[in-house]
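Notes for the structure review
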Amino acid sequence: MGAVRPAPRMRPVELDEEDDRPSAVVRSARDHAAAAAGPGGPDAPDAHRAERRWWPWGAGALAVVVGAAAVATGVTERAARERADVFAALPGVVRPLERPPVERWRTAADGPTPVLDAAGALVTVSGADGRWVVRSSDPATGTTRWEVPVVDQAGSGFESVAVACVAGEGGSGHLLCAWTEPDVVYGTPGGSTNYVPPTHVVALAGADGTQRGAWEVEGSVLGIQRHEDDVVVATGLNDRHVLVERRDGTDGTVRWSWTSPVPLVDNGGVRAVPKLVAGGDVVALMANSTTVLDARTGVVLEAGPAGQQILVAGLPDGGFATWEAVFGGTLRDADGTVRARVPGLPRPVVGDSSVDALVIDVGNRAVAVRADDGTVVWRLPTSMSPVAVAHGVVVMAGEASVGAVDGADGRLLWEQEFVAVQYIAPLTDGLHVLAPEPDGADGFDLVARGLRDGVEAWRVELPSDLRQLTAIDGRVVARTSTEVIVLA
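Not measured: the values here are computed from a predicted model.

What to know about the overall build of the protein
Broken down by element type, the protein carries three helices and 36 strands. Across the 488 residues of the protein, 43% fall into the buried class. Taking the contacts inside the protein whose residues are at least 6 apart along the sequence as the reference set, 40% of them involve residues at least 24 apart. For the protein, the exposed surface amounts to about 25,200 Å²; the carbon and sulfur share of it is 52%.

Quick look at the structure:
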């Protein structure tokens, strides 16, 4: 969609009807024609009548041209709207904005997962007023579709409670919300030193908030990652081993389980707490050693030696990538088969599939490689990292800059330096790069710069305590410590 174009204009023409004599310009043209035509040519009476009758046919032809142009413009605009609709349907992007957005509505939200996209609605999680509530709102108006109280805040003498929810991929499926039962601040129930409060999981239908199921996880939960409509849960056992299970998201039925062959939990606090991370169809338990599991079957795809950390990331084609300090990056098929070695770990980016390459941040440069064989397509010296792709352009962001790169050849199209460091990633609407830029006075402006030229199109003020900027249902959603604010 482009800028609004002015409608075609027809200029007024003054006709001299005082006599039947043609103007000098017309006479000159007619005299030349008469010299070539000879007797009975343009000076004949019938020729005068024909000369007087030419203009309706010319106007008709002009009308046809204008009509055809209008039809062509209409077709072009419809095609542009369709492209905008397709782009806006992608997760993590904004519907094309040709004018500055304004605040539409806001609501209270806090906790680990304050705002989500689920079933075509904007879902917020809030612990205000002494109770954790999950609420579904219309993205355009903020009208509440449903709300479900999940659990009351802990009273005095107990640890605090925080509810975290996760939606299905692309906002589909059930909402899964989890929280750990509050424990007493001093001492343990029954005097047991091994008592660990259970973690509760509840499944809510995204469409109407109906509870589909509820279940508990015993033991110390180290991490929960969603996979399709299930969850993969890592828990620490009393013997310091770690149990990883895939469970049905609705009722907790165990689909597969794996137990670490060696103790990984360090009760003395010397080693980092084991962490469960997900990337596509794999999950990795990162501890003193890292084990990569197939999230679908529980099969071990890779197990690193002690002291070696393995990072994982999903690939758009269903494979995954790993990074190890010794070997660097590796592209793999879904079953773990190695495709190629690459300079680093590809990071997930939002947007369309218009760039046929994976862009990797390797510190002082960005490298684009083919996903099938790791062939390097281009290299660009830069400190920025890829965050989005739109219409063949890779949106880049650094600690104090934002820019764009041509996805085909790696040319730096533009780069804008900020007045201060900021760690909130920009968005794109397919027309602009939408970046929260520090305003120099402890605040932020949302600045729209042309996707390919970086020219500023507009800017609007953002909350001074901005924590995150995200896109839900094609709208810009700003999050503070206590609220979410919807701009459109």
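Details of the pairing of strand S17 (residues 300-303)
One face of the sheet, then the other: side chains in a regular strand alternate in exactly this way. Here strand S16 (residues 290-294) pairs with S17 via three bridges, running antiparallel. Across the sheet, the residue bridging to Thr291 is Ala303, located in S17. In this antiparallel pair of consecutive strands, S16 and S17, the connection spans five residues, and Gly298 shows a positive phi of 85°.

Examining the pattern of salt bridges
Tallied over the entire structure, the rule returns 25 salt bridges. Here Asp281 and Arg296 are joined by a salt bridge, their closest N and O atoms 4.0 Å apart. Taken as a pair, Asp281 in the loop between strand S14 (275-279) and strand S15 (282-286) and Arg296 in the loop between S16 and S17 lie far apart in primary sequence, 15 residues in all. Arg475 is the salt-bridge partner of Asp473, the closest N and O atoms lying 2.4 Å from each other. A residue is classified by how much of its surface remains accessible, and Asp473, at 39% relative accessible area, is partly exposed.

Focus: the sheet that holds S14
Strand order across the open sheet formed by four strands is S14-S15-S16-S17, with antiparallel pairing between neighbours. The strands lining the two open edges of the sheet, one partner per strand, are S14 and S17. When the angles between neighbouring strand axes are averaged without regard to direction, this sheet yields 20°.

Concerning the state of the cysteines
Taken as a whole and assessed by the stated rule, the structure comprises one disulfide. Across the disulfide, Cys165 is cross-linked to Cys177 (sulfur-sulfur distance 2.1 Å). Its torsion about the S-S bond being 110°, the disulfide of Cys165 and Cys177 is classed as right-handed. On the criterion of sequence distance, the pair formed by Cys165 in strand S6 (residues 164-166) and Cys177 in strand S7 (residues 174-180) is long-range, its members being 12 residues apart.

What to know about the nonpolar core
Formed by 19 residues in total, the largest nonpolar core has its most connected members in Val134, Val163, Leu175 and Leu204. Elements with a minimum of two residues in this core: strand S2 (115-118), strand S3 (121-126), strand S4 (131-137), strand S5 (144-152), S7 and strand S8 (199-205). Among the elements that make up this core, the one with the highest residue count is S5 (four residues). With residues near it in sequence (within four places) discarded, Leu204 still touches Val134, Trp146, Val148, His174, Leu175, Cys177, Gly209, Thr210 and Gln211.

Digging into unusual backbone geometry
Of note, Ala119 is a non-glycine position whose phi angle comes to about 55°, a positive value. Residue Ala119 is classed as partly exposed on the basis of its relative accessible area of 39%. Of note in the backbone geometry, Glu228 takes a positive phi value of approximately 55° without being a glycine. Note that Glu228 resides in the loop between strand S10 (220-227) and strand S11 (230-236). For Glu228, a relative accessible area of 55% translates into the label exposed.

Let's talk about the sheet that holds strand S19 (residues 320-324)
The strand order across the open sheet formed by four strands is S18-S19-S20-S21, and the pairing between neighbours is antiparallel. If you trace the sheet from one side to the other, it starts and ends with strand S18 (310-314) and strand S21 (338-342), each paired once. Each adjacent strand pair in this sheet contributes to an overall mean axis angle of 20°, direction not counted. Direction of pairing for S18 relative to S19: antiparallel, over a ladder of five bridges. When the sheet's bridge partners are listed, Val312 is paired in S19 with Thr322.

Examining the confidence of the model for the protein
As a general rule, the predicted coordinates of low-pLDDT regions are not to be interpreted in detail. Confidence in the prediction for the protein averages 83 pLDDT; 80% of positions are at 70 or higher. Taken together, the stretch residues 1-57 has pLDDT below 50 and engages in 27 contacts with residues farther than four places along the chain or on a different chain.

As for the pairing of S19
S19 sits mainly inside the fold: four of its five residues count as buried. In this structure, the hairpin formed by S18 and S19 is closed by a connection of five residues, where Gly318 is found at a positive phi of approximately 100°. Judged from the five bridges that link them, S19 and strand S20 (residues 328-332) form a sheet pairing that is antiparallel. Its bridge partner being in S20, Thr322 is matched across the sheet by Thr330. As consecutive antiparallel partners, S19 and S20 are separated by three residues.

Observations regarding the environment of His174
Note that His174 resides in strand S7. Considering only alpha carbons, one finds His174 and Val202, 28 residues apart in sequence, at a separation of 9.7 Å. In this view, His174 contacts Val166, Ala167, Gly168, Leu204, Ala205, Arg212, Arg226, Asp229 and Thr250; residues no more than four positions away in its chain are not counted.

Considering the environment of Ser257
Along the chain, the position of Ser257 falls in strand S13 (residues 254-259). Spatially, the C-alpha atom of Ser257 lies 5.6 Å from that of Val244, the residues being 13 residues apart in sequence. Beyond its immediate stretch of four places on either side in the chain, Ser257 contacts Leu243, Val244 and Glu245.

Brief notes about the side chain of Thr322
Its location among the elements puts Thr322 in strand S19. Polar contacts involving the side chain of Thr322 include one to the side chain of Arg332, which spans 3.2 Å.

Some points on the side chain of Asp294
Topologically, Asp294 is positioned in strand S16. With relative accessibility at 6%, the residue Asp294 sits in the buried group. The contacts of Asp294, once residues within four sequence positions are left out, are Trp256, Asp281, Val299, Leu301 and Ala334.

Calculation criteria
- Residues numbered from 1 in each chain as written.
- Predicted model: local features only at pLDDT ≥ 70, side-chain atom pairs only at ≥ 80, totals over all residues.
- Heavy atoms only, no water.
- Helix = DSSP H or I, 4+ residues; strand = E, 2+ residues; numbered from the N terminus.
- Buried < 20%, exposed > 50% of the residue type's maximum accessible area, 1.4 Å probe, protein only.
- Contact = heavy atoms within 4.5 Å.
- Areas by Shrake-Rupley, 256 points an atom, 1.4 Å probe, with all protein chains shown as cover.
- Pairing = 2+ DSSP bridges.
- Salt bridge = Lys/Arg side-chain N within 4 Å of Asp/Glu carboxyl O.
- Axes fitted to C-alpha atoms, helices over the stretch in contact; angles between N-to-C directions.
- Disulfide = S-S within 2.5 Å.
- Core = buried A, V, L, I, M, F, W, Y, C linked by side-chain atoms within 4.5 Å.
- pLDDT = per-residue confidence, 0-100.
- Polar contact = N/O pair within 3.5 Å; in protein donor to acceptor, adjacent residues only side chain to side chain.

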